[in-house]
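Results of the structural survey
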Amino acid sequence: MDRVALRGLKARGHHGVFPEERREGQTFIVDLVLGLDTRPAAADDDLAKTVHYGIVAEEVVAVVQGEPVDLIETLAERIAQACLKHEGVQEVEVCVHKPDAPITVPFDDVTVTITRSRA
């Protein structure tokens, strides 16, 4: 299976379990790895035979900006399901970063990574 990756998609969302997270929002960063067969697209040099990563990026940002959830696990699942709606995508790895998580000690990032497939 071939891979198309999108790294560092940024969007502001209002996800989290604390009222201030819901009220104020924060930046989330998403990395995606889409698994698909790119040979038909490459053979014909045809965008219609692969995944349009620009559209996927817009859809992922819309999910992050959309309905708030408590957990980034839930957010990652919603993003994965949006990616799998694209016909050629057989598998997706989603990593959601929450660099401004409300943690009381110094840290660089919090992430949740999931892998989902059609099978």
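Notes on the structure follow. Just so you know, the residues in each chain are numbered from 1, in the order the chain's sequence is written. In view of the model being predicted, local features appear only for residues whose pLDDT reaches at least 70, and side-chain atom pairs are presented and counted only at 80 or more, with totals across whole chains, interfaces and linings using the full set of residues. Derived side-chain values reflect all non-hydrogen atoms in the structure, with water molecules and hydrogen atoms excluded from consideration.

1. Thoughts on helix α3 (residues 53–65)
For clarity, the cut-off: Counting from the N terminus, the helices are DSSP H or I runs at least four residues long and the strands are E runs at least two residues long. Multiplying one less than the number of residues by 1.5 Å gives the expected span of a helix. A simple rule labels every residue: compare its accessible area, found with a 1.4 Å probe on the protein chains alone, to the largest value its type can have, and call it buried under 20%, exposed over 50%, or partly exposed in between. It is the directions from the helix axis to the C-beta atoms that the arc portrays.
Look at α3: 18 Å from first C-alpha to last across 13 residues, which is about the 18 Å you get at 1.5 Å a residue. Every buried residue of α3 is accounted for by Val56, Ala57, Val60, Val63 and Val64. An end-on view of α3 places all buried positions within 125° of arc, on one side of the element.

2. Let's talk about the side chain of His86
The condition is simple: Contacts are assigned to residue pairs that have any heavy atoms within 4.5 Å of one another.
You can see His86 is positioned in the loop between α4 (72–84) and β3 (91–97). Sequence-distant contacts of His86, that is, excluding residues within four places in its chain, are made with Val51, Ile55, Val56, Glu59 and Arg118.

3. Quick notes on the environment of Phe28
Looking at where Phe28 falls in the secondary structure, it is placed in strand β2 (residues 26–36). Residue classification places Phe28 among the buried residues on the basis of a relative accessible area of 0%. A C-alpha to C-alpha distance of 7.4 Å links Phe28 and Val64, two positions 36 residues apart in sequence.

4. Some remarks on α4
Spanning 13 residues, α4 covers 18 Å between terminal C-alpha atoms, matching the ideal 18 Å at 1.5 Å per step. Within α4, the full set of buried residues consists of Ile72, Leu75, Ala76, Ile79, Ala80, Ala82, Cys83 and Leu84.

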